[in-house]
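# Structural description and commentary
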Amino acid sequence: MEIINIRRSVRSYSNKPVEKEKVELLLRAAMQAPSARNQQPWHFIVVDDEETLQALATVSRNVQMLKEAPLAIIVLIDSESLTAPLMAPQDASAATQNILLKAVDLDLGTCWCGVYPREERMEALASILNVPDRFQVFSLIAVGYPKDKAANRFVDRFDPARVHYNKF
Ligand SMILES: Cc1cc2nc3c(=O)[nH]c(=O)nc-3n(C[C@H](O)[C@H](O)[C@H](O)COP(=O)(O)O)c2cc1C
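This one's a predicted model, so the numbers in the text were calculated from it and none came from an experiment.

### Looking at the overall build of the chain
Tallying secondary structure elements over the chain gives five helices and four strands in all. Its helices and strands in sequence order give the chain the pattern α-α-β-α-β-α-β-α-β, from N to C terminus. Over its C-alpha trace the chain gives a radius of gyration of 16 Å, about what one expects of a compact globule, namely 15 Å for 168 residues. In terms of overall dimensions, the chain has C-alpha extents of about 50 × 40 × 30 Å along its principal axes.

This is how it looks when you write it as structure tokens:
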């Protein structure tokens, strides 16, 4: 619960690089996600190249934090591998969230940037990253050490009025 409670969207990062071992742990967490019919539709692009990060940051205002972030993980859906196509965005969401939570465990900060289903963002990112046509760009996750060490902090959002037992 502690990791879930303190995870926040971090949009300001120190310039400390993210260790390769930590990147692998994030990807391991992602691929442990549940998926419809266990279709595991995900691929990941790990970007740590400064020039590419700056190019990604120009795509739209919603990814401005990539001007500072030392790393981005882009979650893709392989549209030709799907046995439950309509569920693939949910699978990719679960993988994305696993990365966010594992990052907190590793003292990292992240920000989930929505890409799918906005065609203009999907196409702009696919073009910069040379993504083949069969893959859809689903999400972009900025990753890095938070500039403010207390960036991940508890915000209580529990609202009993949103809970309905047995019937609405
Ligand atoms: C599907 C999705 C898309 C999001 N897209 C963006 C985005 O493009 N840029 C951004 O800065 N934050 C984005 N966020 C982060 C939300 O703004 C953030 O989760 C929300 O304000 C709650 O804050 P918290 O993550 O700190 O709890 C996105 C979150 C989700 C789940």
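After that view, the rundown keeps rolling.
### What to know about the site of the ligand
Residues in close proximity to the ligand include Arg8, Ser9, Arg11, Asn62, Cys111, Trp112, Cys113 and Gly114, which together make up its full environment. Taken together, the residues of the shell around the ligand sort by class into three nonpolar, three polar and two charged.

### Some words on the pairing of strand β4 (residues 135-144)
A regular strand places its side chains so that they alternate between the two faces of the sheet. Burial within β4 is extensive, with 10 of its 10 residues counted as buried. Note that strand β2 (residues 71-78) and β4 share eight bridges and pair antiparallel. Pairing of Val75 across the sheet is with Ser139, part of β4. Judged from the six bridges that link them, strand β3 (residues 109-114) and β4 form a sheet pairing that is antiparallel. Opposite Cys111, over in β4, you have Ala142 as the bridge partner.

### Some thoughts on the environment of Ala33
Position of Ala33 relative to the elements: it lies in the loop between α2 (20-31) and β1 (42-47). Residue Ala33 is classed as partly exposed on the basis of its 18 C-beta neighbours within 10 Å. Between the alpha carbons of Ala33 and Asn98 there is a distance of 6.8 Å; along the sequence they are 65 residues apart.

### With respect to the sheet that holds β3
Here we have four strands laid out as an open sheet, ordered β1-β2-β4-β3, and antiparallel in their pairing. Since the sheet does not close on itself, it has two edges, and those belong to β1 and β3, each with one partner. Going from strand to strand, the sheet's axes swing by 25° on average, the running direction of each strand aside. Across the sheet, α2 touches β1 and β2, and the angle it forms with β1 is around 160°. Along the sheet, helix α4 (residues 88-105) makes contact with β1, β2, β3 and β4, crossing β4 at roughly 10°.

### Focus: unusual backbone geometry
Each neighbour pair has its own omega, and for Tyr116 with Pro117 the value is 5°, a cis peptide bond. Locating Pro117 in the fold gives a position in the loop between β3 and α5 (119-128). Despite not being glycine, Asp107 has its phi angle at roughly 65°, a positive value. By the element assignment, Asp107 lies in the loop between α4 and β3.

### Some points on the nonpolar core
In terms of nonpolar packing, the biggest core is built from 39 residues, with Ala72, Ile73, Ile74, Ala142 and Val143 touching the most fellow members. Breaking this core down by element, the ones donating at least two residues are α2, β1, β2, α4, β3 and β4.

Calculation rules
Residues numbered from 1 in each chain as written. Predicted model: local features only at pLDDT ≥ 70, side-chain atom pairs only at ≥ 80, totals over all residues. Helix = DSSP H or I, 4+ residues; strand = E, 2+ residues; numbered from the N terminus. Rg over C-alpha atoms; globule rule 2.2 N^0.38 Å. Near = placed C-beta within 6 Å. Nonpolar A, V, L, I, M, F, W, Y, C, P; charged D, E, K, R; others polar. Buried ≥ 20, exposed ≤ 12 C-beta atoms within 10 Å, placed from the backbone. Pairing = 2+ DSSP bridges. Axes fitted to C-alpha atoms, helices over the stretch in contact; angles between N-to-C directions. Contact = placed C-beta atoms within 7 Å. Core = buried A, V, L, I, M, F, W, Y, C linked by C-beta atoms within 7 Å.

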